[in-house]
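Chain by chain, the residues run as shown.
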Amino acid sequence: MASPMRSLLADPDRYLQSFRLFLERSTEHQCMQEFVERQLPDVIASIGNGKSTINVLSVGGGAGEMDLQILSKIRARYPGVTINNDVIEPSADQISKYKERVAHASNLENIKFTWHKETAYEYESRMNAEKKAKKWDFIHMIQMLYYVKDIPATIRYFHSLLESQAKLLVILVSGKSGWETLWKKYGSSFPLDDLCSYVSSGDLPRMLDSAGLKYQLYELPSHMDITSCFIEGDKDGELLLDFLTETLDFAKTAPPELKRQLTEELRKPGCSEIRDGKVFFNNNLGVIVIEP
């Protein structure tokens, strides 16, 4: 009998609900912000040397929250320079949120925004068809490589667009996170569709080494409070379980044995730690900075 389990991406509203709850319960954005504050200035220290214009490409820019923080750091490092910021984002909804954010932000003078409503692959295909290969001083891909069919080819393509002083920044879940444990053990039981693949920062060195690319790795500590996942019938707990398993209504549609094993696994040290009676999932991120 076919499993009633369906991909969470089949219901965009519920996906968005679970994603918002994930951001609320986790330190995802805080740990990225800390990286932008503390480590990004070193990463971008030479990307604009001697230039009057800096070209930045955001691949999968979403609603622009992290993008604007990155741009403010580039602006602070290179005052008075014109920044061309191109955004590749397939979701019209996310682009309109991004535009709204830009409209309400201050300190964006000297920054020009261009949005492309397309996937990374569509962008690459269009550029190849138009025989264009614009070069960039800084390219970033934040939490987007899961949605790419051929990860090594995507990295190779965008790496080929780097200027000589440029950097390619990739942020993904860490190979040392609870996500890695969960995916390795239970990924094959989840109803993953073609839209998504399980990849972590632990998978990238192999790909980068075989492509002969130079890179640096950073680990960003992050956690998520998943205590409500263990309260039967708790609405937030059910949403977080959906997000963790990429499964629509996991609590209601998963076979009882899978649900039992998974909730047990979530409590184990490979996935989480228990502090003051609360369960904190290891949501660590890995940052990879790739050299030209």
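What counts, and where the lines are drawn
- Residues numbered from 1 in each chain as written.
- Predicted model: local features only at pLDDT ≥ 70, side-chain atom pairs only at ≥ 80, totals over all residues.
- Heavy atoms only, no water.
- Helix = DSSP H or I, 4+ residues; strand = E, 2+ residues; numbered from the N terminus.
- Contact = heavy atoms within 4.5 Å.
- Pairing = 2+ DSSP bridges.
- Axes fitted to C-alpha atoms, helices over the stretch in contact; angles between N-to-C directions.
- UniProt positions renumbered as here; feature names shortened; annotations may be inferred.
- Buried < 20%, exposed > 50% of the residue type's maximum accessible area, 1.4 Å probe, protein only.
- Polar contact = N/O pair within 3.5 Å; in protein donor to acceptor, adjacent residues only side chain to side chain.
- Salt bridge = Lys/Arg side-chain N within 4 Å of Asp/Glu carboxyl O.
- Core = buried A, V, L, I, M, F, W, Y, C linked by side-chain atoms within 4.5 Å.

Trainee: In this structure, what is going on with the environment of G60? I would like to understand it.
Mentor: By the element assignment, G60 lies in the loop between β2 (53-59) and α4 (65-77). For G60, the residues in contact, after removing those within four places along its chain, are I88, E89, I142 and M144.

Trainee: How should I be thinking about the sheet that holds strand β10 (residues 272-275) in this particular structure?
Mentor: Whenever strands of a sheet pair, they do so through backbone hydrogen bonds, lying parallel or antiparallel. Spatial ordering of the open sheet is given by β8-β11-β10, a layout of three strands whose pairing is antiparallel. Pairing within the sheet leaves two strands with one partner each, and these edge strands are β8 (223-225) and β10. Within this sheet the neighbouring strands show an average axis-to-axis angle of 30°, counted without direction. Alignment of β8 against strand β11 (residues 278-282), held across three bridges, turns out to be antiparallel. Among the inter-strand pairings, H223 is bridged to a residue of β11, identified as N282.

Trainee: Just to check I follow, could you spell out the UniProt feature "binding site: substrate" (unreviewed entry) in the protein chain for this structure?
Mentor: Under the present numbering, the feature "binding site: substrate" (unreviewed entry) in UniProt falls on E28 and N283. Over a stretch of 256 residues, the named residues converge on one spot in the fold, their C-alpha atoms separated by at most 7.3 Å. As for its position among the elements, E28 is in helix α2 (residues 28-38). If we skip the residues at most four places from it in the chain, E28 touches F22, L23, Q143, S222, N283 and L285. Look at N283 and you get buried, because its relative accessible area is 1%. Here the side chain of N283 touches W179 through a polar contact of 2.8 Å, side chain to side chain.

Trainee: Looking at this structure, I do not really get the pattern of salt bridges. What am I missing?
Mentor: A pair can form between side chains of opposite charge whenever their charged atoms are brought close. In the structure shown here, the tally under the stated rule is 22 salt bridges. The salt bridge involving E37 is made with K73; its shortest N-O contact spans 3.4 Å. With a gap of 36 residues between them, E37 in helix α2 and K73 in helix α4 connect regions that are remote in the sequence. For K268, the salt bridge identified is with E265, shortest N-O distance 3.7 Å. Each of E118, R126, E130 and K132 takes part in one network of salt bridges that share partners.

Trainee: Quick question: what am I supposed to make of the nonpolar core here?
Mentor: Among soluble globular proteins, nonpolar side chains are generally buried collectively. Ranked by internal contacts, the top residues of the largest apolar core, which has 90 residues, are I74, F138, L145, F158 and L204. The greatest single-element share of this core, amounting to eight residues, is contributed by strand β6 (residues 162-173). In this structure, L204 is in contact with L145, I155, V170, L172, V199 and I288, ignoring residues within four places of it in sequence.

Trainee: When you look at unusual backbone geometry in this model, what are you seeing that I'm missing?
Mentor: As a rule of thumb, non-glycine residues mostly have phi less than zero, and peptide bonds are mostly trans rather than cis. Positive phi values are uncommon outside glycine, yet D249 reaches one of about 55°. Mapped onto the fold, D249 is located in the loop between β9 (247-248) and α11 (250-253). Relative accessible area serves as the criterion here: at 26%, D249 is assigned to the partly exposed category. The phi torsion at D276 lies on the positive side, around 50°, for a residue other than glycine. Note that D276 resides in the loop between β10 and β11.

Trainee: Honestly, the sheet that holds strand β7 (residues 215-220) in this entry has me stumped. Any pointers?
Mentor: Taken in spatial order, the seven strands make up an open sheet running β4-β3-β2-β5-β6-β12-β7, and their pairing is mixed. Whereas interior strands pair on both sides, the edge strands pair on one side only; in this sheet they are β4 (111-116) and β7. The mean angle between the axes of side-by-side strands here comes to 15°, regardless of whether they run parallel or antiparallel. For β2 and strand β3 (residues 82-88), the ladder comprises seven bridges, and the chain directions are parallel.

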